[in-house]
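# Structural overview
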Amino acid sequence: MPSMINNDKDTLIEVAKLVHIKVNDELLEIIKTKIYYFNIFKQVNLSNIKPYEYYPIVLKSDVLFNDTVEQKNNNEIKSNKEKKKGDFFVL
Amino acid sequence: MKSFIKEFNEARKTEFNSSKDLIKLFIQNRNKCKKYNCGLHINLNTLKEFKKCESIGNLLSGVPFCLKDLFCTKGIVTTAGTKCLNGFIPTYNSFVYEQLLKNGAVLMEKSNCDELGTGGTGLESAYGPVINPFDKKRIVGGSSSGSVVEVCQNVCLFAIATDSADSTRAPCSYMGLVGYKPSYGLISRYGLIPFCPSLDTVGIITRTVCDAAIVAEALFVKDDNDITNINKNIKPYTDIKTLKDIKINIIKDIEEYLLPEVKDIYLSNIEKIKTKFNVNYVELEKNILECIGCTYEGIMTPEFSSCLNNFVGQNFGDSNGDIDEFRDKLGTKPKEKIILGKYLSLEKNIYENSRKMRTLINEKFNKMIGEGCLIIPSHSFFAPTLKDIQEKNIDWKKWLVNNLLCLANLNGSPSITIPTYKNGADNFGLNINTKIFEDQKLINIALTLEELFE
């Protein structure tokens, strides 16, 4: 279950520094409240549930297209290298 | 079946001496709509491009459209509604824009949206809020706020937006439009400024289901630039038809979460459906319903925080790549999500539990859809007032139904919202869901119900 031990103001200020954002008390309070809401997961038993994997659909499509994820990733890296400056939004 | 795109094509042939007269009407509407702050960058070559596109000769040639400002457009400023990208001119076109140009569609303007896609109100753009044309005291919904106003006010016949939680379908519901989120992976997101890559989907905004099918068919094309893109050979418009038999599932007692203003409308909608089709009631446990919002936040914020690192160390428009300067320019919503996302990626338990909840929620959701479809209310209330949003006057329990739209994003499955009640600023609709890649079935069900509620 999520631990709330580190959900204090100082920890959040440290996190904000890590991401180069200046925070005020109002913003910290909003974030603290949002973190507190995650306690709602306690009402569900998640012990035997597998975490959702990103790109499960690609794995299925790879079977269909007789291609591998590695090949796809390599192709993407290659094509990204070929792109010009500013082409940073490639997913 | 009703289609404004087909009517547009007919009008060009018969009612107008010159096609130019017709497109000029849309340009006039664009000028009138400046007061709603729905457009960010006008395409000054509209007339010229229209003339060039006329000869392409398919359903979308010459058809005016608007594009959410999250999509890269070569030579046209792309800001994603943030001051951080002020003056940024992409060197390439997003897949969606390129595909629409190939089909001959004509860009009217880039649409205003909540900053970087964060926020569901239409109030969060760094370039000012989008105004509700029916009632300026009410919100439009977001993040695709500008796009829905443009379709609503006839600046264009369709708009391309994004849908990562409900960003296309929710504002469409507030404004009485059709909002379609296809299955995850069916439309390439190449050149889309990412918000949350495991949830981001291209969204289509139209007035009718048939128009949504026409646009979707033009975009369901394989693109190797997006690793998640897949071609399932779905032809939504070619194969569109009404159905005689639909297996419809509805969540038991969900009306208890609706405000009285929409509860009666929802119940009468269901009664009308029952006159034609069999309806089956399914259960959704209260504890799961209450966890949907946090599951979304637990997945979205770490991904968003990670995506925003793309902007560091590179020149984007006026920005010199300095991280401190860049992040100072951000609004409160993106700042909040970046910090929360970073916190969650350090606090592994919460992120891990969010992913586990996503698995569990998807299992439940697919079970509720069953062999047919799941129909849910599109909202618990009509478009709220700015005051209600700012003062948080709406009970949090009433927001739970709105979170149901997010199920399709967590699951990657297709979802469409169709209007069933329109009265100025008071609009309501039904949201229809099928299993992943059952987009054809979804479109056909939506068309059938659209005709039922006509």
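Because the structure is predicted, anything quoted here is derived from the model rather than measured. (Residues numbered from 1 in each chain as written. Chains lettered and ligands numbered in written order. Predicted model: local features only at pLDDT ≥ 70, side-chain atom pairs only at ≥ 80, totals over all residues. Heavy atoms only, no water.)

## Things to note about the overall build of chain B
Regarding its fold elements, chain B presents 16 helices and 11 strands. Here the C-alpha radius of gyration of chain B, 21 Å, is about what a compact globule of 454 residues would show, namely 22 Å. Dimensions along the principal axes, computed over C-alpha positions, put chain B at roughly 55 × 55 × 45 Å. Counting over 454 residues, chain B shows a buried share of 65%. In the form shown here, chain B has an accessible surface area of approximately 15600 Å², with 47% of it arising from carbon and sulfur atoms. (Helix = DSSP H or I, 4+ residues; strand = E, 2+ residues; numbered from the N terminus. Rg over C-alpha atoms; globule rule 2.2 N^0.38 Å. Buried < 20%, exposed > 50% of the residue type's maximum accessible area, 1.4 Å probe, protein only. Areas by Shrake-Rupley, 256 points an atom, 1.4 Å probe, with all protein chains shown as cover.)

## A closer look at the pattern of salt bridges
Scanning the entire structure with this criterion turns up 23 salt bridges over all chains. A salt bridge links A:D25 to A:K9; the nearest nitrogen and oxygen atoms lie 3.1 Å apart. Here A:D25 is found in helix α2 (residues 25-37), whereas its partner A:K9 is found in helix α1 (residues 9-18), with 16 residues between them in sequence. One salt bridge connects B:R355 with A:E53, and the closest N-O pair in it is separated by 3.6 Å. Here the residue B:R355 occupies a position in helix α12 (residues 348-369), and A:E53 occupies one in the loop between α2 and α3 (56-65), the pair thus bridging two chains. It is possible to trace a salt-bridge network through shared partners that takes in A:K34, B:E297, B:E336 and B:K337. (Salt bridge = Lys/Arg side-chain N within 4 Å of Asp/Glu carboxyl O.)

## Let's talk about empty space enclosed by the protein
All names here are of chain B. The tally for this structure, following the rule as stated, stands at two cavities of 30 Å³ or more. Here the largest cavity defines a volume of roughly 50 Å³. Of the residues belonging to the lining of the largest cavity, the class tally is five nonpolar, five polar and two charged. Space inside the second largest cavity adds up to approximately 40 Å³. S183, Y184, G185, L186, I187, R189, D200, T201, V202 and T228 together form the lining of the second largest cavity. Its residues placed into classes, the lining of the second largest cavity shows four nonpolar, four polar and two charged. (1 Å grid on protein atoms, 1.4 Å probe; cavity = no way out; pocket = protein on both sides within 12 Å on 5 of 7 lines; lining within 4 Å. Points joined across faces, edges and corners; volume = space filled by probe spheres on them. Nonpolar A, V, L, I, M, F, W, Y, C, P; charged D, E, K, R; others polar.)

## Observations concerning the interface of chain B and chain A
Each partner contributes to the interface: chain B provides 64 residues, whereas chain A provides 52 residues. Carbon and sulfur atoms make up 70% of the surface buried where chain B meets chain A, a total of about 5500 Å² over both sides. When the buried surface of chain B facing chain A is broken down by residue, B:I227, B:I339 and B:Y343 rank first, second and third, together holding 14% of it. Linking chain B with chain A are four salt bridges, by the criterion used here. Where B:E297 meets A:K34, a salt bridge forms, and the shortest distance between an N and an O atom there is 3.3 Å. Residue assignment for the side of chain B that touches chain A shows that the elements contributing at least two residues are α9 (286-307), α10 (323-328), α11 (332-346) and α12 of chain B. Considering each element in turn, the side of chain B that touches chain A owes the most residues, 12 residues, to α12(B). Split into classes, the residues belonging to the side of chain B that touches chain A amount to 28 nonpolar, 18 polar and 18 charged. (Contact = heavy atoms within 4.5 Å. Buried area = accessible area lost by both parts, 1.4 Å probe.)

## Remarks on the confidence of the model for chain B
For chain B, per-residue confidence averages 94 on the pLDDT scale, and 99% of positions sit at 70 or higher. Prediction confidence for the complex, expressed as pTM and ipTM, is 0.92 and 0.86 respectively. (pLDDT = per-residue confidence, 0-100.)

## Focus: the pairing of strand β5 (residues 178-181) of chain B
Residues and elements named next belong to chain B. Neither face of β5 is exposed, since V178 and Y180 on one face and G179 and K181 on the opposite face are all buried. With three bridges joining them, β5 and strand β6 (residues 202-206) adopt antiparallel strand pairing. Paired with V178 across the bridge in β6 is T206. (Pairing = 2+ DSSP bridges.)

## Points about α9(B)
Residue and element names in this part refer to chain B. In this model, α9 (22 residues) spans 33 Å end to end at C-alpha, consistent with the 32 Å of a helix rising 1.5 Å per residue. Its axis deflected by about 35° at I292, α9 carries its strongest bend there. The element α9 is largely enclosed, with a buried count of 18 among its 22 residues. (Expected span 1.5 Å × (residues − 1). Bend = angle between axes of the 7 residues up to and from the residue.)

## So, the side chain of B:T121
Residue and element names in this part refer to chain B. Within the element layout of this structure, T121 appears in the loop between β3 (106-111) and α5 (145-152). Classification of T121 as buried rests on a relative accessible area of 13%. What T121 contacts, discounting residues up to four positions off in sequence, is D114, I139, V140, G141, G142 and I389.

## With respect to the sheet that holds β5(B)
Residues and elements named next belong to chain B. Spatial ordering of the open sheet is given by β1-β3-β2-β4-β6-β5-β10-β11-β9-β7-β8, a layout of 11 strands whose pairing is mixed. Since the sheet does not close on itself, it has two edges, and those belong to β1 (39-42) and β8 (279-282), each with one partner. In this sheet, neighbouring strand axes are inclined to one another by 25° on average, regardless of whether the strands run parallel or antiparallel. (Axes fitted to C-alpha atoms, helices over the stretch in contact; angles between N-to-C directions.)

## What to know about the pairing of β3(B)
Residue and element names in this part refer to chain B. Of all the six residues making up β3, six are buried; the element is thus mostly covered by neighbouring parts of the structure. Two strands pair when backbone bridges link them, and β1 and β3 are joined in this way by three bridges, in the antiparallel orientation. If you follow G39 over to β3, its bridge partner there is S111. Across five bridges, strand β2 (residues 64-68) lies against β3 in parallel orientation. Across the sheet, residue F65 finds its bridge partner in β3, namely L107. One crossover worth recording links β2 to the parallel β3 by way of helix α4 (residues 95-102), and it is right-handed. (Right-handed = clockwise from strand over helix to strand, strands pointing away.)

## Let's talk about the side chain of A:K34
Of note, A:K34 is situated in helix α2. Given a relative accessible area of 19%, A:K34 falls into the buried group. Only 3.3 Å separates the side chain of A:K34 from the side chain of B:E297, close enough to count as a polar contact. Contact partners of A:K34, with chain neighbours within four places excluded, come to B:E297, B:E336, B:K337 and B:L340. (Polar contact = N/O pair within 3.5 Å; in protein donor to acceptor, adjacent residues only side chain to side chain.)

## Section: the packing of α1(A) against α11(B)
Here α1(A) crosses α11(B) at 105°, and the two axes come no closer than 9 Å. One finds that α1(A) runs roughly perpendicular with respect to α11(B). Side by side, α1(A) and α11(B) meet where A:T11, A:L12, A:V15, A:A16 and A:L18 of the first sit next to B:I339, B:K342, B:Y343 and B:L346 of the second. The residue makeup of the contact of α1(A) with α11(B), split by class, is seven nonpolar, one polar and one charged. (Parallel < 35°, antiparallel > 145°, perpendicular 65-115°, else oblique.)

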